[in-house]
Protein chains: 2
Amino acid sequence: MSDMNRVALDAMGGDHAPFEMVKGAVDAVNKDKRVKVFLVGKGELIKAELEKHQFDSSQIEIVNATEVIETAEPPVNAIRRKKDSSIVVGMKMVKNKEADAFVSAGSSGAILVGGQTLVGRIKGVERPPLAPLIPTAKGVSLLIDCGANVDARPSHLVQFAKMGSIYMEHVVGIKDPKVAIVNIGAEEEKGNALVKETFPMLKELDDINFVGSIEARNIPYGDADVIVTEAFSGNVILKLYEGLGAVLINKIKEGMMTTTRSKIGAFMVKPALKETLKTFDASEYGGAPLLGLRGLVVKTHGSATAKEVSNSILQCITFKEQKINEKIMECIQTEQ
Amino acid sequence: MSDMNRVALDAMGGDHAPFEMVKGAVDAVNKDKRVKVFLVGKGELIKAELEKHQFDSSQIEIVNATEVIETAEPPVNAIRRKKDSSIVVGMKMVKNKEADAFVSAGSSGAILVGGQTLVGRIKGVERPPLAPLIPTAKGVSLLIDCGANVDARPSHLVQFAKMGSIYMEHVVGIKDPKVAIVNIGAEEEKGNALVKETFPMLKELDDINFVGSIEARNIPYGDADVIVTEAFSGNVILKLYEGLGAVLINKIKEGMMTTTRSKIGAFMVKPALKETLKTFDASEYGGAPLLGLRGLVVKTHGSATAKEVSNSILQCITFKEQKINEKIMECIQTEQ
């Protein structure tokens, strides 16, 4: 049982719960024998969904939780009051070592608050950052932090750089990942107070491959593997990525439908184009880990479908097998 | 002469100077009788370029300046030392009322520093913001500030909102423009310390149409006309817009070239697609004004071609004719 990867999945979170959550869990266990999924949420609903699927019943278990935290609820209150919600129950499983990881497409705020207060931080970690993978021309980069800690301090950013580097090397498999800090110019003397103070601290670290500043323009080209920034800019980058991608693709579709000639052309380019745009689809890369917790918490998109859910569950296996938390502990404690 | 719009153009700034600068000036005067362009820079070089073109010679005049500020030079020093550079000479023309506006594709840093120290601020304006127009699904939005003032204070953002609103209404022609502040969530209680402090101040203003927070995801959809933010996030938004747009369009081109079928399709969609993507091309909208100065300073892209230069020059006419600076003065002084 200890070799099994135990993932608690919030069956009630996200726009397409429980349907896509249950389907994602089934897909994951059917793909990998090493994972057991606990579906946390309203038992009757989950059971009804599960009956539609075929899977090894030893790999999926329902954990009943009667309440649901809505995305609009103030997170601190919600975590405190809804003790029988899928988020609180799932996170407590991680805290009590009944699960190795918790995956949720529910309220970001509740997941961030719950991660810190219920699961708890690794000793020495000041702030656990949320770190999604974003698609680039070369593959993916890790954006760290993208929403967990506004008004961060330089020491937080230094820890983000270290944790991000470990994640990219051992979960994503990029050897000696290039770490850069988001800045408004490439030169060392540029930046706001936070970046100017953080830059020399990053430069001094021996255990990461710090390559200096990165301008936002170069992020989509994949010039760095780990993109360090405080949560406000990180959130702006992540959300603009999503919004601009969607608007541009719509514009292009519109453009293709303006003349008869272009409509015929569109019909012919469609299959090839679909394949290419897939590489720019964030859901291909699973959810965003909240790093630095005593256990793993993964936030997927609110709009997550079975594919993203399944990818997020499988990502938890690599996280455990690569002993990411042990590596984070080691690297954070060396600095103390 | 006082009805004439006098624009000093930095003939030496940008990647394609003086060729594209001179061509842009010629295009502008050939399009509009109401403008006179002073081409500031190395006289011999400009003269040689001018000889290739036809234009009304009363509309273009060369102003000799022997030095050039390079983009890599530390701006404060450059402005102080290179007294005979095209940027310093052009800005002094605005200061001395020999020109109404100065347009440059040169060093952003030097333009920002020069604008503040040589041209000078309108009384009451705390920080002059740089405010480019960015393309959206609905047209354009004004992004203010996008690089002039890092570590801004709430009172600066309030002035950005007012000046941006005047610019969008009277230069771009959007009646009662919607003003929003960039935030990491739509709710009023979200945000970092700066946004939380600024939000209620914006809410209290009667003279702008404040619509609340905007998440970066919604910027490309055109949900607000004036996007208020401090310079660091603003710069991240602007540069990510450019980078992500370019990378996505490349991906799409690549995708269209993967199979024989898609290649034929690509040939057929190309003309329609080109037309659509034009609306997402920042150079269509001219340069970014540095607002709140005693005179107008416009920064165009370093890569500006004649079209952007010409559009930027013509934009100066509207700015003067609509008495934007008088309107800014009035609105800033009311608040004192």
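Residues numbered from 1 in each chain as written. Chains lettered and ligands numbered in written order. Predicted model: local features only at pLDDT ≥ 70, side-chain atom pairs only at ≥ 80, totals over all residues. Heavy atoms only, no water.

**Focus: the side chain of Asn 235 of chain B**
Turning to step 1, where the next piece is worked out: Tracing the backbone through its elements, the reader meets Asn 235 of chain B in helix 8 (residues 231-256).
Turning to step 2, where the next piece is worked out: When near neighbours in sequence (up to four residues on either side) are disregarded, Asn 235 of chain B contacts Ile 184 of chain A together with Cys 146 and Gly 147 of chain B. (Helix = DSSP H or I, 4+ residues; strand = E, 2+ residues; numbered from the N terminus. Contact = heavy atoms within 4.5 Å.)

**Brief notes about the sheet that holds strand 4 (residues 101-104) of chain B**
All names here are of chain B.
Turning to step 1, where the next piece is worked out: Pairing is mixed in the open sheet, where 6 strands are placed in the order 3-2-1-4-11-10. One side of each edge strand has no neighbouring strand; the edge strands of this open sheet are strand 3 (60-64) and strand 10 (288-290). Strand-to-strand twist of the sheet, defined as the mean angle between neighbouring strand axes without regard to direction, takes the value 25°.
Turning to step 2, where the next piece is worked out: When strand 1 (residues 5-10) meets strand 2 (residues 35-41), the two strands line up parallel, connected through 6 bridges. Opposite Arg 6, over in strand 2, you have Lys 36 as the bridge partner. (Pairing = 2+ DSSP bridges. Axes fitted to C-alpha atoms, helices over the stretch in contact; angles between N-to-C directions.)

**What about the interface of chain B and chain A?**
Turning to step 1, where the next piece is worked out: Facing 51 residues of chain B, the contacting portion of chain A comprises 51 residues.
Turning to step 2, where the next piece is worked out: Across the chain B to chain A interface the summed buried area is about 5,100 Å²; carbon plus sulfur atoms make up 75%.
Turning to step 3, where the next piece is worked out: Where chain B meets chain A, there are 4 salt bridges.
Turning to step 4, where the next piece is worked out: Counting across the interface, chain B meets chain A through 10 residue pairs in polar contact (both at pLDDT 80 or more). (Buried area = accessible area lost by both parts, 1.4 Å probe. Salt bridge = Lys/Arg side-chain N within 4 Å of Asp/Glu carboxyl O. Polar contact = N/O pair within 3.5 Å; in protein donor to acceptor, adjacent residues only side chain to side chain.)

**Observations regarding the relation of the copies chain B and chain A**
Turning to step 1, where the next piece is worked out: By a simple turn and slide, chain B fits onto chain A: the slide is 0.0 Å along the axis, the RMSD is 0.0 Å, and the turn is 180°. The superposition operator between the copies reduces to a two-fold rotation axis. For chain B, the residue whose C-alpha comes nearest the rotation axis is Gly 265 of chain B, separated from it by 1.8 Å.
Turning to step 2, where the next piece is worked out: Of all interface residues in chain B, 100% are interface residues in chain A too; the two copies therefore contact each other through one and the same surface. (Least-squares fit on C-alpha atoms with pLDDT ≥ 70 in both.)

**Considering the pairing of strand 2 (residues 35-41) of chain A**
Residue and element names in this part refer to chain A.
Turning to step 1, where the next piece is worked out: The buried fraction of strand 2 is high, at 7 of 7 residues.
Turning to step 2, where the next piece is worked out: Because side chains alternate across strand 2, one face comprises the buried residues Val 35, Val 37, Leu 39 and Gly 41, and the other comprises Lys 36, Phe 38 and Val 40, equally buried.
Turning to step 3, where the next piece is worked out: Note: strand 2 against strand 3 (residues 60-64), 5 bridges, orientation parallel. Within strand 3, the residue paired with Leu 39 across the bridge is Ile 62. (Buried < 20%, exposed > 50% of the residue type's maximum accessible area, 1.4 Å probe, protein only.)

**Quick word on unusual backbone geometry**
Leaving glycine out, the prevailing phi sign among residues is negative, and the prevailing peptide bond configuration is trans.
Turning to step 1, where the next piece is worked out: Omega for the bond connecting Ile 144 of chain A with Asp 145 of chain A falls within 30 degrees of zero, at 10°, which places this linkage in the cis form.
Turning to step 2, where the next piece is worked out: Here Asp 145 of chain A is to be found in the loop between strand 6 (140-144) and helix 6 (154-172).
Turning to step 3, where the next piece is worked out: With an omega of -5°, the peptide bond running from Ala 17 of chain B to Pro 18 of chain B counts as cis.
Turning to step 4, where the next piece is worked out: Among the structural elements, Pro 18 of chain B can be located in the loop between strand 1 and helix 1 (19-31).
Turning to step 5, where the next piece is worked out: Unlike most non-glycine residues, Asp 151 of chain A shows phi in positive territory, near 55°.
Turning to step 6, where the next piece is worked out: Position of Asp 151 of chain A among the secondary structure elements: in the loop between strand 6 and helix 6.
Turning to step 7, where the next piece is worked out: One non-glycine residue, Asp 176 of chain B, lies in the positive phi region at around 50°.
Turning to step 8, where the next piece is worked out: When its relative accessible area of 47% is taken as the criterion, Asp 176 of chain B is described as partly exposed.

**Brief notes about the sheet that holds strand 9 (residues 226-228) of chain A**
Residue and element names in this part refer to chain A.
Turning to step 1, where the next piece is worked out: Spatial strand order, 5-6-9-7-8: 5 strands in an open sheet with mixed pairing. With one partner strand each, in any of the chains shown, strand 5 (133-135) and strand 8 (209-215) form the two edges of the open sheet. Sheet twist, expressed as the average angle between the axes of neighbouring strands with direction ignored, equals 35°.
Turning to step 2, where the next piece is worked out: Of the pairings in the sheet, the one linking strand 7 (residues 178-183) to strand 8 comprises 6 bridges and is parallel in character. Directly across from Val 179, in strand 8, lies its bridge partner Phe 210.

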